[in-house]
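Structural description and commentary
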Amino acid sequence: MDRRPTIMSANILFLVCMVLLLGFSVLPLSMGWRLTFNELALIGLPLVLYLLITKVPVRPALQLKPASAAILTVSFVTGIGFYLFDRWAVIVVSDLVGYVPAYTPDLLQSDALSAVLISIGVVILAPLFEEALFRGVLQSAYARWGGTAAVVFPALLFALFHMDPSQTLFLVPLALVLSWVAWRIGSIWAAVAMHLGNNLFVG
């Protein structure tokens, strides 16, 4: 019996998280509180409820197979490289078309408490919960359609999830690499390390 998440149930989880993010975006929260709240309440909580309701086995559904220290280190450094590429690409596009991204490092600067919350939300919670959703549940579900679908669909949904045109454009290469690494190794931990490296300087 195939105990992986079904594609339909995984897509419903994705849509629930998207609707919650859109619905709660009107709350008058500071950036730090918003980022932390989004990851905990609008991604983490639905994910936990999904696992409880569907009763899919947690370890295979989230691809929690251990990864070696060497793989984690290379993934982390690769994530930093993607961050540097992303910053360069955003500057080039902003200069060419005058587009200002929704989130920039300057916008994230504020008081000490907000800075701590931003660091928690971006550097710790986002790599854990977003990878559990996209390289865990969604990738496990789309694996039913084969390796290409398991890599491409979660990557595109991950890029779409961030809802900022500049981020969506520049997140696609990172998202594809995150998905490929998780698929190739059979574990989300390398993707978590890469995601952490990519977010480290933002937080």
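Residues numbered from 1 in each chain as written. Predicted model: local features only at pLDDT ≥ 70, side-chain atom pairs only at ≥ 80, totals over all residues. Heavy atoms only, no water.

1. With respect to the packing of aromatic side chains
Aromatic ring pairs are reported here in terms of the distance separating the ring centres and the angle at which the planes meet. Heads up, the rule is: For Phe, Tyr and Trp, rings pair up if their centres lie within 6.5 Å, where Trp contributes its six-membered ring, and each pair is then called stacked (planes under 30 degrees apart), edge-to-face (over 60) or tilted (otherwise). The way it works is that DSSP assigns letters per residue, a run of H or I at least four long becomes a helix, a run of E at least two long becomes a strand, and they are numbered from the N terminus.
Overall, the coordinates contain ten aromatic pairs when judged by the stated rule. Ring geometry for Tyr 83 versus Phe 201: centroids 5.7 Å apart, planes at 35°, classification tilted. Placement of the pair is Tyr 83 in helix α4 (residues 69-97) and Phe 201 in the segment after α9 (189-199), with a sequence separation of 118 residues. Following the ring pairs from residue to residue traces out a cluster consisting of Phe 14, Phe 134, Phe 158 and Phe 161.

2. Focus on unusual backbone geometry
Trans is the prevailing form of peptide bonds, just as negative phi is the prevailing case for residues other than glycine. The backbone of Lys 55 sits at a positive phi, close to 60°, despite the residue not being glycine. In this structure, Gln 63 takes a positive phi of about 55° despite not being glycine. Along the polypeptide, Gln 63 turns up in the loop between α3 (58-62) and α4.

3. Section: the packing of helix α1 (residues 7-24) against helix α2 (residues 31-54)
What counts, and what does not: Only C-alpha atoms enter the line fits that serve as axes; for helices the fit covers just the stretch in contact. Angles between N-to-C directions range over 0 to 180 degrees. Working definition: roughly parallel below 35 degrees, roughly antiparallel above 145 degrees, roughly perpendicular at 65 to 115 degrees, and oblique for all remaining angles. By definition, turning the near helix anticlockwise from the far helix through less than a right angle yields a left-handed crossing, and turning it clockwise yields a right-handed one. Throughout, a contact is declared for two residues whenever any of their heavy atoms are within 4.5 Å. Residue type decides the class: Asp, Glu, Lys and Arg count as charged, Ala, Val, Leu, Ile, Met, Phe, Trp, Tyr, Cys and Pro as nonpolar, and the leftover types, Gly among them, as polar.
Relative to each other, α1 and α2 sit at 150°, their axes nearing to 10 Å. Compared by their axis directions, α1 and α2 come out roughly antiparallel. Between α1 and α2 lies a crossing of right-handed hand. Contacts between α1 and α2 involve Ser 9, Ala 10, Leu 13, Val 16, Cys 17, Leu 20, Leu 21 and Phe 24 on the former and, on the latter, Arg 34, Phe 37, Asn 38, Leu 42, Ile 43, Pro 46, Leu 47 and Tyr 50. In terms of residue class, the contact of α1 with α2 is built from 13 nonpolar, two polar and one charged.

4. Points about the side chain of Glu 131
Stated formally: Only protein chains enter the accessibility calculation, which uses a 1.4 Å probe. A residue is then buried if its area is under 20% of the maximum for its type, exposed if over 50%, and partly exposed in between. Polar contacts here mean pairs of N or O atoms no more than 3.5 Å apart (in protein, one a potential hydrogen donor and the other a potential acceptor; neighbouring residues in sequence count only if both atoms are side-chain atoms).
Relative to the helices and strands, Glu 131 is located in helix α6 (residues 112-142). Take Glu 131: its relative accessible area is 0%, and that puts it in the buried class. A polar contact is formed between the side chain of Glu 131 and the side chain of His 195, at a distance of 2.6 Å. Here Glu 131 is in contact with Ala 126, Gly 136, Phe 158, Leu 178, Ile 188, Ala 191, Val 192 and His 195, once residues within four sequence places are set aside.

5. Some remarks on the nonpolar core
Note the cut-off: Among buried residues, those of type Ala, Val, Leu, Ile, Met, Phe, Trp, Tyr and Cys that are joined through side-chain atoms within 4.5 Å constitute a nonpolar core.
The biggest cluster of nonpolar side chains holds 41 residues, and the ones touching the most others in it are Leu 13, Phe 14, Leu 133, Phe 134, Val 137, Leu 138 and Phe 161. When residues of this core are traced back to their parent elements, those giving at least two are α1, α2, α3, α6, α7 (147-161), α8 (165-185) and α9. Discounting residues that sit within four places of it in the chain, Phe 134 has contacts with Phe 14, Gln 139, Pro 154, Leu 157, Phe 158 and Phe 161.

6. Let's talk about the packing of α1 against α7
Viewed as axis vectors pointing N to C, α1 and α7 meet at an angle of 10°, and their least axial separation amounts to 11 Å. Here α1 lies roughly parallel to α7, going by the angle between them. Here Asn 11, Phe 14, Cys 17, Met 18 and Leu 21 of α1 come into contact with α7, specifically with Leu 157, Leu 160 and Phe 161.

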